[in-house]
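Residue-level structural notes
The residues making up each chain are set out below.
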Amino acid sequence: EAGVAQSPRYKIIEKRQSVAFWCNPISGHATLYWYQQILGQGPKLLIQFQNNGVVDDSQLPKDRFSAERLKGVDSTLKIQPAKLEDSAVYLCASSSTAAVANTEAFFGQGTRLTVV
Amino acid sequence: GDSVTQMEGPVTLSEEAFLTINCTYTATGYPSLFWYVQYPGEGLQLLLKATKADDKGSNKGFEATYRKETTSFHLEKGSVQVSDSAVYFCALSDVSSNTGKLIFGQGTTLQVKP
C-alpha cells in the first residue's frame, strides 16, 4: 500500500513570496489533515478535510493560508504572502474512516519550508 | 484547551538501557492517547495507542499505560537499541470534536549510543 505522498520535500522562498504544497493521501482515505510543525515543537493542526469538505480550519491563518481538496482526493496548501515565521515542516496525514477519536492517522514525510 | 506535556530532551542512553519518556495530558473528557515516532528522514509513524483508562498499548518492545488518575501515558522500553534513536511524540485525540484531530506534545529526542 502506497503511503501519503507530499511534494516538494524542500522549499526555500523569500518573504512575501507565495508557495504551494501538494499532498496525495492513501487511496480511499476520506479524511485528510494538514499540520504545521515548527522546529522544536509538536505538529499543530491547520486544517482537516472530510472528503472535499472542511471539518476544522480554526487554526488556519486565513489571511495568508488557503487549502483545497479537489474531488476529495489530492490537496494543496498555499501560503501567500509568506512570512519568516512560516518556516516549518508542513505535514499531510490521512485516515481511513469518518474521523473518530481513535483512528490512526498516516503521515507523509513532510515539506520543509524555509522563508528568508 | 487540551494539551500534552512531554519531558524535555534530548535523552541519551547506552544500548540495552531502560527507557522512560514521561507524558502527561490535560483534557476534558477521556481522550485516546498515542505515541508517534519520527525516525531520521522519515514521516511520523504510529508506535502505539490506548483508547481508555488502564489500557496498555505495546509495539516493538515499547509499552505505555493510560493512567487516568495521574493523567499520564509514559513510554517505556526495557532495552533500547541504536535503531530506536528517533524523536518520540505523545499525542491525544480531541474528544470534544471527535474528528480525529491530534494534539501533540513537543517531542522528545532519543539518542542511543552503542
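Residues numbered from 1 in each chain as written. Chains lettered and ligands numbered in written order. Predicted model: local features only at pLDDT ≥ 70, side-chain atom pairs only at ≥ 80, totals over all residues. Heavy atoms only, no water.

What about the sheet that holds strand 7 (residues 56-59) of chain B?
Residues and elements named next belong to chain B. This is how the line gets drawn: Any two strands with at least two DSSP bridges between them are considered paired. A helix here means a DSSP run of H or I that spans at least four residues, while a strand means a run of E at least two residues long, and both kinds are numbered starting from the N terminus. To get an axis, fit a line to the C-alpha atoms, keeping to the stretch in contact for a helix; angles then go from 0 to 180 degrees between the N-to-C directions.
If you trace the four strands from one edge of the open sheet to the other, you get 3-9-8-7, paired in antiparallel fashion. Only two strands of the sheet have a single neighbouring strand rather than two, namely strand 3 (19-21) and strand 7. Pairs of neighbouring strands in the sheet enclose a mean axial angle of 15 degrees, with direction left out of account. Taken together, the three bridges between strand 3 and strand 9 (residues 75-77) define a ladder with antiparallel strand orientation.

What about the environment of B:Thr70?
All names here are of chain B. Applied cut-off: Relative accessibility under 20% of the residue-type maximum defines a buried residue, over 50% an exposed one, and the middle range a partly exposed one, all with a 1.4 Å probe and only protein chains included. Whenever two N or O atoms come within 3.5 Å, that pair is a polar contact, provided that in protein one can donate a hydrogen and the other can accept it, and provided that, for residues adjacent in sequence, both atoms are side-chain atoms.
With respect to the helices and strands, the residue Thr70 is situated in the loop between strand 8 (62-65) and strand 9. Taking the relative accessible area as the measure of exposure, Thr70 reaches 44% and is therefore partly exposed. For the pair Thr70 and Tyr25, spaced 45 residues apart in sequence, the C-alpha separation works out to 9.0 Å. One polar contact links Thr70 to Ser72, side chain to side chain, over a distance of 2.8 Å.

So, the state of the cysteines
Residue and element names in this part refer to chain A. Short version of the rule: When the sulfur atoms of two cysteines come within 2.5 Å, that pair is taken as a disulfide.
In this structure the tally under the stated criterion is two disulfides over all chains. Two residues share a disulfide in this structure: Cys23 and Cys92, whose sulfurs sit 1.9 Å from each other. For the disulfide bridge between Cys23 and Cys92, the dihedral angle about the S-S bond is near -70 degrees, and by the sign convention the bridge is left-handed. Remark: Cys92 occurs in strand 9 (residues 88-95) and Cys23 occurs in strand 3 (residues 19-24); sequence separation between them is 69 residues.

Quick word on unusual backbone geometry
A negative phi angle characterises most non-glycine residues, just as the trans form characterises most peptide bonds. In this structure, A:Pro8 follows A:Ser7 across a cis peptide bond, with omega equal to -10 degrees. The residue A:Pro8 is located in the loop between strand 1 (5-7) and strand 2 (10-13) in this model. Note the cis peptide between A:Gln80 and A:Pro81, where omega equals -5 degrees. One non-glycine residue, A:Lys71, lies in the positive phi region at around 55 degrees. With respect to the element layout, A:Lys71 can be found in the loop between strand 7 (65-69) and strand 8 (75-79). Unlike most non-glycine residues, B:Lys60 shows phi in positive territory, near 55 degrees. Examined against the element boundaries, B:Lys60 turns out to sit in the loop between strand 7 and strand 8.

Side note on the pattern of salt bridges
For clarity, the threshold we go by: Each salt bridge in this description consists of a side-chain nitrogen of Lys or Arg and a carboxyl oxygen of Asp or Glu lying within 4 Å of one another.
Enumeration over the complete set of coordinates arrives at six salt bridges over all chains. In this structure, A:Lys62 engages A:Asp57 in a salt bridge whose closest nitrogen and oxygen atoms are separated by 3.8 Å.

Notes on the side chain of A:Thr31
Residue and element names in this part refer to chain A. You can see Thr31 is positioned in strand 4 (residues 31-37). Take Thr31: its relative accessible area is 0%, and that puts it in the buried class. Here the side chain of Thr31 touches Gln50 through a polar contact of 2.5 Å, side chain to side chain.

Focus: the environment of B:Ala27
Residues and elements named next belong to chain B. Inclusion rule: Any two residues whose heavy atoms approach within 4.5 Å are treated as being in contact.
By the element assignment, Ala27 lies in the loop between strand 4 (23-26) and strand 5 (33-38). Among the residues examined, Ala27 registers a relative accessible area of 25% and is labelled partly exposed. Residues Ala27 and Val95, 68 residues apart in the sequence, show an inter-C-alpha distance of 8.3 Å. Among residues more than four places away in sequence, those in contact with Ala27 are Asp2 and Leu92.

Overview of the nonpolar core
So the rule is basically this: Side-chain atoms within 4.5 Å link the members of a nonpolar core, which is a set of buried Ala, Val, Leu, Ile, Met, Phe, Trp, Tyr and Cys residues.
Ranked by size, the top nonpolar core spans 27 residues in total, and within it B:Leu19, B:Trp35, B:Leu47, B:Leu48, B:Phe73, B:Leu75 and B:Tyr88 carry the most contacts. Looking at which element gives the most residues to this core, the answer is strand 10 (residues 86-93) of chain B, with four residues. Leaving out residues up to four positions away in the same chain, B:Leu19 has contacts with B:Val11, B:Leu13, B:Phe62, B:Leu75, B:Glu76, B:Lys77, B:Val80 and B:Leu110. Counting residues in hydrophobic clusters, the runner-up holds 21 residues, among them A:Trp34, A:Phe65, A:Ala88 and A:Val115.

Some remarks on the interface of chain A and chain B
One widely used convention gives an interface's size as the accessible area the parts lose upon coming together. Put simply, the rule reads: Summed over both partners, the accessible area (1.4 Å probe) lost when two parts come together is defined as the buried area. Residue type decides the class: Asp, Glu, Lys and Arg count as charged, Ala, Val, Leu, Ile, Met, Phe, Trp, Tyr, Cys and Pro as nonpolar, and the leftover types, Gly among them, as polar.
Of the residues lining the interface, 23 residues belong to chain A; the matching set on chain B comes to 21 residues. Buried area between chain A and chain B, both sides added, is near 1700 Å², and the carbon and sulfur share of it is 52%. Put simply, chain A and chain B have one salt bridge between them. The residue B:Lys101 makes a salt bridge to A:Asp56 at a minimum N-O spacing of 3.9 Å. There are three residue pairs in polar contact (both at pLDDT 80 or more) connecting chain A and chain B. Those elements giving two or more residues to the side of chain A that touches chain B turn out to be strand 4, strand 5 (44-50) and strand 6 (53-56) of chain A. Among the elements that make up the side of chain A that touches chain B, the one with the highest residue count is strand 4 of chain A (three residues). For the side of chain A that touches chain B, the per-class residue count stands at 11 nonpolar, nine polar and three charged.

By themselves, these are just geometric observations and shouldn't be taken as functional.
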